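# Summary of structural features
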Amino acid sequence: MKNLDIKIAAPFVLLTFFTFLSFGNSISTINKPLFSNTIQDSIRILSLNLTQFMALEATGALVLDTRSSDEFIAGYIPKSIHIGWKGPFKTWVPKILMNKQQPIICIADQSSIKQVSETLIELGYTQVLGYLHGGVDVYKKQYFLNTVDQVDAGTYYDLSTKSQIIDVRSEKEFAEG
């Protein structure tokens, strides 16, 4: 498996990025989103292969992982941000992703990618570049995923007396446990 710390040569990344974005169109399309939001039914989200995904990530695109918390904990793409689609997505996105012009690549279930993208557009995010076709399963064939360790109540208590743990759940989530 390749190590993520390997530096990708800038000319290669730029060439791949511009080739990816142009798709036979003029270079002037680079600053335009890769979908149309004039009619929601016509929104087409670009399916990215791993090479396209890595090129966009290397240029600073944010990786937004919208899978369930359990799926995210089991393995996620390094530096990705998790905001679960089935949770309070519309509430958390603007709180975490403050720059609405930030290029975004989605990691989502095939069944929810269109809804995720439509919601991002509705919230004002103008640079949803696409989604990784095959998701983390494609990524982990060539790269390592990060994981999150879960702890039991006793371990949590021990950790909380040694450092500060911040609970970011809403009141409703807190009440639900």
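Everything below is about the structure shown above.
First things first, this report covers the structure right here in the doc. (Residues numbered from 1 in each chain as written. Predicted model: local features only at pLDDT ≥ 70, side-chain atom pairs only at ≥ 80, totals over all residues. Heavy atoms only, no water.)

## Examining the sheet that holds strand 1 (residues 47-48)
Ordered in space as 1-5-4-2-3, the five strands form an open sheet in which the pairing is parallel. Strand pairing shows two members of the sheet lacking a second neighbour, strand 1 and strand 3 (81-82), which therefore form its edges. (Pairing = 2+ DSSP bridges. Helix = DSSP H or I, 4+ residues; strand = E, 2+ residues; numbered from the N terminus.)

## Considering the environment of serine 47
For serine 47, the location among the structural elements is in strand 1. C-alpha separation for the pair serine 47 and isoleucine 113, spaced 66 residues apart in sequence, amounts to 10.0 Å. Only 3.2 Å separates the side chain of serine 47 from the side chain of histidine 133, close enough to count as a polar contact. (Polar contact = N/O pair within 3.5 Å; in protein donor to acceptor, adjacent residues only side chain to side chain.)

## Considering the pairing of strand 5 (residues 128-132)
Judged by how many residues are buried, strand 5 sits mostly within the fold: five of five residues are covered. Bridge count for strand 4 (residues 104-107) against strand 5 is three bridges, and the pairing is parallel. Its bridge partner being in strand 5, isoleucine 105 is matched across the sheet by glycine 130. Between the parallel elements strand 4 and strand 5, the chain passes through helix 5 (residues 113-122) in a crossover that is right-handed. (Buried < 20%, exposed > 50% of the residue type's maximum accessible area, 1.4 Å probe, protein only. Right-handed = clockwise from strand over helix to strand, strands pointing away.)

## Section: helix 2 (residues 50-58)
In terms of burial, helix 2 is largely enclosed, as seven of its nine residues are buried. Inspection of helix 2 places Leu50, Gln52, Phe53, Met54, Ala55, Leu56 and Glu57 among the buried residues, and these make up the whole buried set. Sitting at the amino-terminal end of helix 2 is asparagine 49, which places a side-chain oxygen 3.0 Å from the backbone nitrogen of threonine 51. Positive phi appears at glycine 60, one or two residues downstream of helix 2, with a value of about 110°.

## Looking at the side chain of serine 80
Residue placement: serine 80 occurs in the loop between helix 3 (69-74) and strand 3. Classification of serine 80 by relative accessible area gives buried; the value is 11%. When sequence neighbours within four positions are dropped, the list of residues in contact with serine 80 reads Val63, Asp65 and Phe72. (Contact = heavy atoms within 4.5 Å.)

## Description of the pattern of salt bridges
The tally for this structure, following the rule as stated, stands at four salt bridges. Close ionic contact of lysine 114 with glutamate 118 constitutes a salt bridge, the shortest N to O distance being 3.8 Å. With lysine 114 and glutamate 118 both in helix 5 and four residues apart, this pair spans about one turn of that helix. Among the salt bridges present, the one from lysine 140 reaches aspartate 137, with a minimum N-O distance of 3.6 Å. Accessibility expressed as a relative area gives 40% for lysine 140, which makes it partly exposed. (Salt bridge = Lys/Arg side-chain N within 4 Å of Asp/Glu carboxyl O.)

Functional significance is not addressed by these values, which are geometric in nature.
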